[in-house]
Amino acid sequence: MELRQLTYFVAVAEELHFGRAADRLHIVQSAVSMQIQRLERELGAELFDRSPRRVRLTGAGERLLPEARAVLAAAERARAAVAPPSGLRIGTSTGLGAHLDRVLAAFARHAPDVPVELYSLPVAERLARVAGGRLDAAFVRAVEPVPGVRVHPLWPDPLVAALPATHPLAGRPEIDVAELAGLPLALTERRTNPALVDLVVGACREAGFEPPPGPSPGSLQDTLASIGTRPLWTVVYASHARVLHTPKVAFVPFRPPGLALTTGLAVSATTPPPPPHLDTLLLACGDHEG
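Residues numbered from 1 in each chain as written. Predicted model: local features only at pLDDT ≥ 70, side-chain atom pairs only at ≥ 80, totals over all residues. Heavy atoms only, no water.

Draft legend 1. Seen up close, the overall build of the protein. Across its full length, the protein carries ten helices and nine strands. Compactness check: the protein gives a C-alpha radius of gyration of 31 Å against a globular reference of 19 Å for 290 residues, more than 25% above the reference. Out of the 290 residues belonging to the protein, those deemed buried represent 40%. For the protein, the share of sequence-separated contacts (at least 6 apart) that also reach a separation of at least 24 residues comes to 72%. Summed over all atoms, the accessible surface of the protein reaches about 15700 Å², with 55% contributed by carbon and sulfur. In the protein, which carries 29 positive and 29 negative side-chain charges, the distance between the mean positions of the two groups comes to 4 Å. (Helix = DSSP H or I, 4+ residues; strand = E, 2+ residues; numbered from the N terminus. Rg over C-alpha atoms; globule rule 2.2 N^0.38 Å. Buried < 20%, exposed > 50% of the residue type's maximum accessible area, 1.4 Å probe, protein only. Contact = heavy atoms within 4.5 Å. Areas by Shrake-Rupley, 256 points an atom, 1.4 Å probe, with all protein chains shown as cover. Lys, Arg positive; Asp, Glu negative; His and termini not counted. Charge placed at Lys NZ, Arg CZ, Asp CG, Glu CD.)

Written out as structure tokens, the structure is:
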């Protein structure tokens, strides 16, 4: 007796029609009939009363049906027990620093056998992939609402000022935004990160000055290299600054209340059911906060 034969038998028993059962199984009707006949020969009993007008279960078929379903369910559980665990696909970005390390460590404690795939992508692509089901979740900061995406707030991410190590402010334990007036600001274009640009430029205006624009924005690495050789400033997430090794650049915190953006976890708001292990990831984020 083969699992295939039991699968075909259950399909015919539920459809009470060989043709419909074959369509459901995506095979030809003759293959279904042949396997049912083999099963009947092996069991020594007819399972169906066949007539040109109808198909119905015999007494033997009725007794076999619940047992066949139980066998198929057990086989499925056996396959699931040894199948490799499905992974978790997470979108990330630069600047998460130690936050990401701690969340992944907490997730590994809760789900040690679940692989995690990380995708470093621009925020717009992260959100699009979450909405389309190509990512299970993504870390984002202060994004505008996106159809099909829900964001769980996680933690505030403070910003620090990145200054030339030789600048008079570089040795201070903390600074006011107003003290940076007159120093050119090297910042990404607003279309790339509107929340960050609005926060920093808005803080400068509240402090009473319009920041002179620095050189055309490039990568953070390029910007920091420029700051190391000329009087400029920019902002970097404190969690990222702690893992950067740039001797010619100093990272100085802002005086409270400081500048910060909220990091959140973007997940699909429309795809049922939720991705496996998403609750565990949120739990790991909570562990990290603690």
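Draft legend 2. Spatial organisation of the pairing of strand β6 (residues 149–164). Of the strand pairs in this sheet, β6 and strand β9 (residues 260–268) are connected by nine bridges, and their pairing is antiparallel. When the bridges of β9 are listed, Pro153 appears paired with Gly264. Inspection of the sheet shows β6 paired to strand β7 (residues 234–237) by four bridges, in the antiparallel sense. Bridging from a neighbouring strand, Val160 pairs with Val236 of β7. Bridge count for β6 against strand β8 (residues 249–253) is five bridges, and the pairing is antiparallel. (Pairing = 2+ DSSP bridges.)

Draft legend 3. View of the packing of helix α2 (residues 18–25) against helix α3 (residues 29–43). One can describe the packing of α2 onto α3 by two numbers: an axis separation of 8 Å at closest approach and a directional angle of 105 degrees. The angle between α2 and α3 places the two elements in the roughly perpendicular class. Contacts from Phe18, Gly19, Ala22 and Leu25 of α2 reach α3 at Gln29, Val32, Ser33 and Ile36. (Axes fitted to C-alpha atoms, helices over the stretch in contact; angles between N-to-C directions. Parallel < 35°, antiparallel > 145°, perpendicular 65-115°, else oblique.)

Draft legend 4. Highlighting the side chain of Thr92. Within the secondary structure layout, Thr92 lies in strand β3 (residues 88–92). Among the residues examined, Thr92 registers a relative accessible area of 6% and is labelled buried. Look past the residues within four positions of Thr92 in its chain and what remains in contact with it is Leu100, Leu118, Tyr119, Ser120, Leu121, Arg126 and Phe139.

Draft legend 5. Expanded view of the side chain of Ser93. Of note, Ser93 is situated in the loop between β3 and α5 (98–110). Setting aside chain neighbours within four positions, we find Ser93 in contact with Ser120, Arg126 and Arg141.

Function cannot be read off these values alone, since they describe shape.
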